[in-house]
Amino acid sequence: MSEYNFAYLNEQTKKMIRRALLKAVAIPGYQVPFASREMPMPYGWGTGGVQVTASILTPDDILKVIDQGADDTTNAVSIRKFFKKTAAIETTELSEQATIIQTRHRVPETPLREDQILVYQVPIPEPLRFLEPRETETRKMHAYEDYGLMHVKLYEDISQHGHISTTYAYPVMVEGRYVMDPSPTPKFDNPKINNCPALQLFGAGREKRIYALPPYTKVTSLDFEDHPFEVQKWQASCELCGTSGTFLDEVITDDKGGRIFVCSDTDFCRKQQSEKFEEAG
Amino acid sequence: MQERLKIKNLSKNFVLHTQNGAILNILNNVSLEVRDGEIVALCGPSGVGKSSLLKAVFGTYRISQGDLVINCGAKEIHLAKASPAEIIELRKHTIGYVSQFLRVIPRVPTIEIVANAAIEAGASSQQATEKAVALLEQLRIPKKLHTLSPLTFSGGEQQRVNIARAMSAPRPIMLFDEPTASLDPENKTTVLTMIAGLKKSGTAILGIFHDRNDREFLNAREVEMEKYKEPENA
Amino acid sequence: MKMNPGIPLLKVENLHKAFGKTKACHDISFELWPGEVLGIVGESGSGKSTLLRLIAGLLEPDKGTISYQQNSKLITLTDLDEPALRHLQRTEWGFVHQHPSDGLRMNVSAGANIGERLMANNWRHYGNIREKAQHWLKAVEIDPARIDDLPRTFSGGMQQRLQIARNLVTNPNLVFLDEPTGGLDVSVQAKLLDLLRGLVSNLGLSAIMVTHDLAVARLLSTRLIVMKQGEIIEHGLTDQVLEDPQAAYSQLLVSSVLQV
């Protein structure tokens, strides 16, 4: 522990990131540039999220890290270990116990509270990048609320697939002002991002951008009047806990085409299983 | 009858910068008037400036000296000082020009070219088209050609399309540059009868009619242009 | 939009633009009246394209003012902030580039290209956007069945017509045309000219067209400006400039046209 400053980053860097965070919270949905540092992990492994977490972490915090809803995948495990080693903080797999949840692309099924912070790892923060590669131009588009282009992408979806086929990184409008990419979370989670009691922070390490949604921010998914926003629905319910209405992962079970659907949120699934077990007595 | 067009001591010269600044005085002190219901025929050998005078009246050739006064009913326009907007307005309502050659956008059907002239003058699309069909038939343009571009037509046919276009929206002053030059006798008579009809309805007409018989048919007042030519060795 | 025919649609006064020591536009002044098509002609490097870009707000002048008629009054464009200027550009104006790839989004369908301006103006009904896009494809003589095809599958002439449709979908008052027939075969040019003429007269558009093709200028424009080395050396009605050119350079330009 003594080899590292608390939570790895030096205090100057944290200060710089906190300033960016404050600005991001003050202008919900606006991408704030920050001087992203080299981290002891490759880009794409959550360097943005890790820097945000490192900057807001206190010794009393309890950290949960998820990767696609799961606590036990490589990325989640290594980031948890990283903070255990550099900050000696407590970690958890339970959503309700955590004060900070760092996530790669899911919002937990368990409703979040005001005393929690959700930190997103973001690969590409710019929702307009797909159609307009020039950063100088996209910044102007944000500044002038010149957002026709965003609907062009949704229009293309419908014309090619008959419906809006974007299922993740589904663009949203924040407080009627900034169009924002909610990182590659499934659009299933978009309603949870809206009016959320927890503070939501987004960090993109390679792209050097931070953005935020303060608690209870109004977040609307973009759509057309005659093609309204809809979340995914599954015919099946979770094979393990039996719950329906959660985000399900498809798991292949054998070589003969056998497959099952299970909750992507492992913590939530385990909880449902034990409740059922208790009920069954 | 009212004087519609007054040309006062008008001169026109060309300065040819590409030919060492040579100066051509093509019109010298031309003065003449045209009244409503009158046909004035410009006469003289070729090169005497007949077509140039028509172009000056239409505003295409800018006037070097003198003036050209056009009575538009409510007001008089002095062409020598007129702004482009005023000339555009004049062409829309007061002066029509039938040149010897048809100049149109490729691919546009004949019927549309003729009808558009009337539409620009304010007619409805249906009225204009009906009138265009009637005029083209009167001028013996076969029906099957109406939907084709006139650019592929013979010289005589093109000339008749040009006249049909002018007749579909005649203005109080009409300028004709050899309107019957490449027509057969039958069509020539039709066109002359149309022009005579314009005269009867009070149009002031200034034109070039090569054939003495045509001028007599139209009962035109002849103006000899030779006298406005630049004197030799001047 | 209702236009006041008594004042110009556009008024350019003493416009200057230099690139280093090169005077691209020197002391340019002119007016464009409602319903007019103004042609700007001159050889390559005469500053005509720069002038067009200055007026359209794509370049900033060094000096001079540009005014534009809005709600029957002249507003000074050179005082306008960028968001307001962009709003004008995507609603009341159109810009047709010489190369369709500069004016189209090549990676989205024809329908999305036409629909973009509508969506930028808050159209949020997919069915209506599509209907309007189909209407405009027909208006520029492209088979509406090709609405979902990418522009790159279109011929050069079709791409140029698609670019025109994309610009006209919001019924602009003023369209800037930069060598609109420049890169096209002669046979395709005629078709495009006919289309432009029809659109201009039916929609009551005003336009400023840069071209080096005097035949195109003659067929489409009411007035002409001749430019040389960044200056206007002659202006007048199209037939005046072409049949009775006054300046030495205009005479040279007109006399250099090949006859067919």
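What this report covers is the structure whose coordinates are included nearby. It should be emphasised that the depicted structure is a prediction, and the values quoted were computed from it without experimental measurement.

Definitions and cut-offs
Residues numbered from 1 in each chain as written. Chains lettered and ligands numbered in written order. Predicted model: local features only at pLDDT ≥ 70, side-chain atom pairs only at ≥ 80, totals over all residues. Heavy atoms only, no water. Contact = heavy atoms within 4.5 Å. Buried area = accessible area lost by both parts, 1.4 Å probe. Salt bridge = Lys/Arg side-chain N within 4 Å of Asp/Glu carboxyl O. Axes fitted to C-alpha atoms, helices over the stretch in contact; angles between N-to-C directions. Helix = DSSP H or I, 4+ residues; strand = E, 2+ residues; numbered from the N terminus. Parallel < 35°, antiparallel > 145°, perpendicular 65-115°, else oblique. Left-handed = near helix turned anticlockwise from the far one by under 90°. Nonpolar A, V, L, I, M, F, W, Y, C, P; charged D, E, K, R; others polar. Buried < 20%, exposed > 50% of the residue type's maximum accessible area, 1.4 Å probe, protein only. Polar contact = N/O pair within 3.5 Å; in protein donor to acceptor, adjacent residues only side chain to side chain. Phe/Tyr/Trp six-rings, centres within 6.5 Å; stacked < 30°, edge-to-face > 60°. Lys NZ or Arg CZ within 6 Å of the ring centre and 35° of its normal.

1. Some details on the interface of chain C and chain A
Then step 1. Every contact between the two is made by 21 residues of chain C and, on the other side, 21 residues of chain A.
Then step 2. A buried area of about 2000 Å², summed over both sides, lies between chain C and chain A, and 56% of it is on carbon and sulfur atoms.
Then step 3. The three residues of chain C that bury the most area against chain A are R86, R124 and Y126 of chain C, which together make up 36% of that side's buried surface.
Then step 4. Remark: the boundary between chain C and chain A carries 5 salt bridges.
Then step 5. A salt bridge links R86 of chain C to E137 of chain A; the nearest nitrogen and oxygen atoms lie 3.1 Å apart.

2. Quick word on the packing of helix α2 (residues 47-56) of chain A against helix α3 (residues 74-87) of chain A
All names here are of chain A.
Then step 1. Interhelical geometry of α2 versus α3 gives an angle of 30 degrees and a closest axis separation of 12 Å. With respect to their mutual orientation, α2 and α3 come out roughly parallel. Crossing of α2 over α3 shows right-handed handedness. Here V50, T53 and A54 of α2 come into contact with α3, specifically with I79, F82 and F83.
Then step 2. Among the residues forming the contact of α2 with α3, the class breakdown is 5 nonpolar, 1 polar and no charged.

3. Section: the side chain of R106 of chain A
Residue and element names in this part refer to chain A.
Then step 1. Summarising the element assignment, R106 is placed in the loop between β4 (100-104) and β5 (117-121).
Then step 2. Taking relative accessible area as the criterion, R106 reaches 1% and is therefore assigned buried.
Then step 3. Side-chain polar atoms of R106 contact the side chain of E109, separated by 3.0 Å.
Then step 4. Looking at R106, its side chain comes within polar contact range of the side chain of D189, at 2.8 Å.
Then step 5. Apart from the residues within four sequence positions on either side, R106 is in contact with I66, Q68, G69, T185, P186, F188, D189, K192, F247, S264 and D265.

4. Some thoughts on the interface of chain B and chain C
Then step 1. At the interface, 24 residues of chain B touch 27 residues of chain C.
Then step 2. Its largest share of buried area at the contact with chain C, chain B owes to R62, I105 and R107 of chain B, together 34% of the area lost on that side.
Then step 3. Viewed at the interface, chain C and chain B are joined by 7 salt bridges.
Then step 4. K12 of chain B is the salt-bridge partner of D244 of chain C, the closest N and O atoms lying 2.6 Å from each other.
Then step 5. Between the two partners, chain B and chain C, sit 13 residue pairs in polar contact (both at pLDDT 80 or more).
Then step 6. Among the secondary structure elements, those contributing two or more residues to the side of chain B that touches chain C are β1 (3-16), α1 (50-58), α2 (84-93) and α3 (110-120) of chain B.
Then step 7. Of the residues assigned to the side of chain B that touches chain C, the class counts are 12 nonpolar, 5 polar and 7 charged.

5. Remarks on the packing of aromatic side chains
Residues and elements named next belong to chain A.
Then step 1. Under the defined criterion, the tally for this structure stands at 17 aromatic pairs over all chains.
Then step 2. Between Y4 and Y8, the ring centres sit 5.9 Å apart and the planes meet at 45 degrees, which makes this aromatic pair tilted.
Then step 3. By relative accessible area, Y8 is classed as partly exposed at 26%.
Then step 4. Considering the side-chain rings of F188 and F247, the 5.5 Å spacing of their centres and the 55 degrees angle between planes classify their relative orientation as tilted. Taken together, the positions of F188 in the loop between β7 (178-180) and α6 (190-193) and F247 in the loop between β10 (219-221) and β11 (248-252) put the pair 59 residues apart, joining distant regions of the chain.
Then step 5. Feature note: the residues Y4, Y8, F82 and F83 constitute an aromatic cluster, connected by ring pairs.
Then step 6. In this arrangement the basic side chain of K153 is found over the ring face of F130, its NZ or CZ atom lying 5.2 Å from the centre.

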